[in-house]
Amino acid sequence: MKKIGILTSGGDCQGLNAAIRGVAKGLYEEFDDDVLIYGIKDGYRGLIAGEYSLMKKYEFSGILTVGGTILGTSRQPFKMMRKIEEDNVDKVAAMKESYKRMGLDCLVILGGNGTHKTANLLSEEGLNVVSLPKTIDNDLWGTDITFGFHSALDVATDVIDRLHTTATSHGRIFVVDIMGHKAGWLNLYAGMAGGADIILIPEIPYDINKIANVLEKRNNDGKKFSIIAVAEGAISVEESKMGKKEFKAHLAQRGSVSVSNIIADKLSEKINQEIRVVIPGHIQRGGSPSAYDRVLSTRFGAGAASLIKEEKYGYMMGMKNNEVVPVPLAEVAGKLKTVPIDNEVLLAARKIGISFGD
Ligand code: F6P
């Protein structure tokens, strides 16, 4: 009898339940039902607190199309994992203890960047771990694509489509804020799919005067509306020159004001046209997974089950050249996959005259 634990950690996204289902169904097939699956509540928080329950086979049915995660999730910062806080809990020891108490043969972890650092830590601590790459940001190293990205892309594109019609009617500039703090994948793709005129991503610092020039030129060309797609982590040329400490203090001072609002305010000093800001925020992570993500999550889930059958631990299932392949956790942990400035999609955008504000 195999015993497998499963948890989802970090920000939720579409496709988590589809992946959980893929893992579970794959395991029941691989082990001819001779397997017990423990669902761990709210990610690493539940593993630390020992909150888990034995799941029934039927609980993995009917969840393919459901958004969010049936297991719950939480953000447990990696940098705090080895720190003993006020509650006096040794988090790493507590997680190992829960693993032992459940008698697990393997722990399946679904998550993004922070989650993978802790997954690697647990693997280094001797636990059998297999992980799956989730995040709408698509910024996980070791995989061409993460599940959640395409669903969020569909939502973000729909938002930009809808803004187009109202922008045209009113002859306005719309600044739309797309998720992605450190990597601009979602904004690059949504901006291109939604026909944005200017796309600002964290990898390419923007110059507000260049943006104003593009807007003015569009106006002179008789194009009375414009769409600026801004990644929430976009930075100006001035900000890109700041040291780490200075930038942190600068962000703290900015508080909860979004970069889109800052850009809109700066542009309104330079441009005589109505500007509106739209922040779809967590709507991008909500709702049912796209058909693409349902297939992707299922493929990753089935891949994880096969890996467990082979007793091959310490890997994340990744996608390379449209093939699901195991990637060592040590190679994934702590590395960010940002948009290279010579990325083919980015270059194609430039070729058709989309500005990146540089
Ligand atoms: O990591 C996914 C993500 O949706 C990012 O795009 C976004 O910056 C962040 O999570 C938001 O985090 P939270 O859900 O904690 O507000």
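Rules of the game
- Residues numbered from 1 in each chain as written.
- Predicted model: local features only at pLDDT ≥ 70, side-chain atom pairs only at ≥ 80, totals over all residues.
- Heavy atoms only, no water.
- Helix = DSSP H or I, 4+ residues; strand = E, 2+ residues; numbered from the N terminus.
- Buried < 20%, exposed > 50% of the residue type's maximum accessible area, 1.4 Å probe, protein only.
- Lys, Arg positive; Asp, Glu negative; His and termini not counted.
- Charge placed at Lys NZ, Arg CZ, Asp CG, Glu CD.
- Near = heavy atom within 4 Å.
- Polar contact = N/O pair within 3.5 Å; in protein donor to acceptor, adjacent residues only side chain to side chain.
- Areas by Shrake-Rupley, 256 points an atom, 1.4 Å probe, with all protein chains shown as cover.
- Nonpolar A, V, L, I, M, F, W, Y, C, P; charged D, E, K, R; others polar.
- Domains from an automatic or database assignment.
- Expected span 1.5 Å × (residues − 1).
- Contact = heavy atoms within 4.5 Å.
- Salt bridge = Lys/Arg side-chain N within 4 Å of Asp/Glu carboxyl O.
- Core = buried A, V, L, I, M, F, W, Y, C linked by side-chain atoms within 4.5 Å.
- Pairing = 2+ DSSP bridges.
- Axes fitted to C-alpha atoms, helices over the stretch in contact; angles between N-to-C directions.
- Buried area = accessible area lost by both parts, 1.4 Å probe.
- Parallel < 35°, antiparallel > 145°, perpendicular 65-115°, else oblique.
- Left-handed = near helix turned anticlockwise from the far one by under 90°.

Enquirer: How should I be thinking about the overall build of the protein in this particular structure?
Expert: A count of helices and strands for the protein gives 13 helices and eleven strands. Across its three principal directions, the C-alpha atoms of the protein cover 70 × 40 × 30 Å. Per-residue burial over the protein gives 53% buried out of 358 residues. Each charge sign in the protein was given a centre, from 44 positive and 44 negative side chains, and these centres are 2 Å apart.

Enquirer: In this structure, what is going on with the site of the ligand? I would like to understand it.
Expert: All residues in the neighbourhood of the ligand are listed as R75, I136, D137, M179, G180, H181, E232, H282 and R285. The separation between an oxygen atom of the ligand and a polar side-chain atom of H282 is 2.9 Å. Considered on its own, the ligand offers 390 Å² of accessible surface; in the complex 73% of this is hidden by protein. Grouping the amino acids of the shell around the ligand by side-chain chemistry returns two nonpolar, three polar and four charged. A domain split of the shell around the ligand shows at least three residues from each of domain 1 (2–147 + 289–332) and domain 2 (151–285).

Enquirer: Help me out: how do you make sense of helix α4 (residues 113–124) in this one?
Expert: Because an α-helix packs 3.6 residues into every turn, residues spaced three or four apart end up facing the same way. Under the 1.5 Å per step criterion, the end-to-end length of α4 is 17 Å for twelve residues, consistent within 8% with the ideal 16 Å. For α4, every residue scored as buried is listed here: N113, T115, H116, T118, A119, N120, L121 and L122. Along its buried surface, α4 packs onto α2 (44–49), α3 (91–102), β4 (106–111), β5 (129–133), β10 (315–320) and α12 (329–332). Of the residues flanking the end of α4, it is G126, one or two places downstream, whose phi is positive at about 100°.

Enquirer: Just to check I follow, could you spell out the pattern of salt bridges for this structure?
Expert: Once the charged atoms of two side chains with opposite charge are near each other, the side chains can pair. Following the criterion strictly, the structure yields 17 salt bridges and no others. Note that D42 is salt-bridged to K41, the shortest N-O span being 3.9 Å. A salt bridge links D42 to R45; the nearest nitrogen and oxygen atoms lie 3.0 Å apart. Salt bridges sharing common partners tie together K41, D42, R45 and E51.

Enquirer: I keep staring at the nonpolar core and nothing clicks. Help me out?
Expert: By size, the foremost hydrophobic cluster in this structure holds 63 residues, and its most contacted members are L27, L110, L132, F147 and I227. It is helix α5 (residues 149–170) that provides the largest number of residues to this core, a total of eight residues. Composition of this core by domain shows at least three residues from each of domain 1 (2–147 + 289–332) and domain 2 (151–285). One finds Y38, I40, M81 and L127 within the second-largest nonpolar core, a separate group that totals 25 residues.

Enquirer: How do you make sense of the sheet that holds strand β11 (residues 323–328) when you look at a structure like this?
Expert: Hydrogen bonds between backbone atoms are what pair the strands of a sheet, whose relative direction is either parallel or antiparallel. Spatial ordering of the open sheet is given by β3-β2-β1-β4-β5-β10-β11, a layout of seven strands whose pairing is mixed. The sheet is open, and its two borders are formed by β3 (52–54) and β11, each paired with just one other strand. Averaged over all pairs of adjacent strands, the angle between strand axes in this sheet comes to 25°, irrespective of strand direction. Here three bridges tie strand β2 (residues 35–40) to β3, and the two strands are oriented antiparallel to one another.

Enquirer: Would you take a moment to explain the domain arrangement of the protein for this structure?
Expert: A common way to report how large an interface is uses the accessible area buried once the components associate. When the domains of the protein are assigned, the result is domain 1 (2–147 + 289–332) and domain 2 (151–285). For domain 1 and domain 2, the distance between their C-alpha centroids amounts to 34 Å. Tallying the contact residues gives twelve residues for domain 1 and eleven residues for domain 2. Buried area between domain 1 and domain 2, both sides added, is near 910 Å², and the carbon and sulfur share of it is 47%.

Enquirer: Any chance you could explain the side chain of K2 here in plain terms?
Expert: Position of K2 among the secondary structure elements: in strand β1 (residues 2–8). The exposure class assigned to K2 is buried, which follows from its relative accessible area of 17%.

Enquirer: So what exactly am I meant to see when it comes to the packing of α5 against helix α6 (residues 185–193) here?
Expert: Between two packed helices, both the angle of their axes relative to each other and the distance between the axes serve to describe the pair. For the pair α5 and α6, interaxial distance at closest approach is 8 Å and the crossing angle is 45°. Here α5 lies oblique to α6, going by the angle between them. Crossing of α5 against α6: the hand is right-handed. Between α5 and α6, the residues in contact are F149, A152, L153, A156, T157, I160 and D161 and W185, L186, Y189, A190, G191 and A193, respectively.

Enquirer: Is there a simple way to explain the pairing of strand β6 (residues 173–178) in this structure?
Expert: When a strand is regular, its side chains alternate between the sheet's two faces. Of all six residues in β6, six are buried, a share of seventy percent or more. As defined by bridge partners, β6 adjoins strand β8 (residues 226–231) across six bridges and the pair is classed as parallel. What sits directly across from V175, in β8, is I228. The pairing of β6 with strand β9 (residues 275–278) spans four bridges and is parallel. Pairing of V175 across the sheet is with V277, part of β9.

Enquirer: I would appreciate a short explanation of the packing of α6 against helix α13 (residues 344–351) in the present structure.
Expert: Interaxial distance between α6 and α13 falls to 10 Å at its minimum, and their mutual angle equals 40°. By the angle class used here, α6 and α13 are oblique. Of the two elements, α6 crosses α13, and the hand of that crossing is left-handed. Between α6, through L188, Y189 and M192, and α13, the contact on the second element is made entirely by V345, L346, A348 and A349. Its residues assigned to classes, the contact of α6 with α13 shows seven nonpolar, no polar and no charged.

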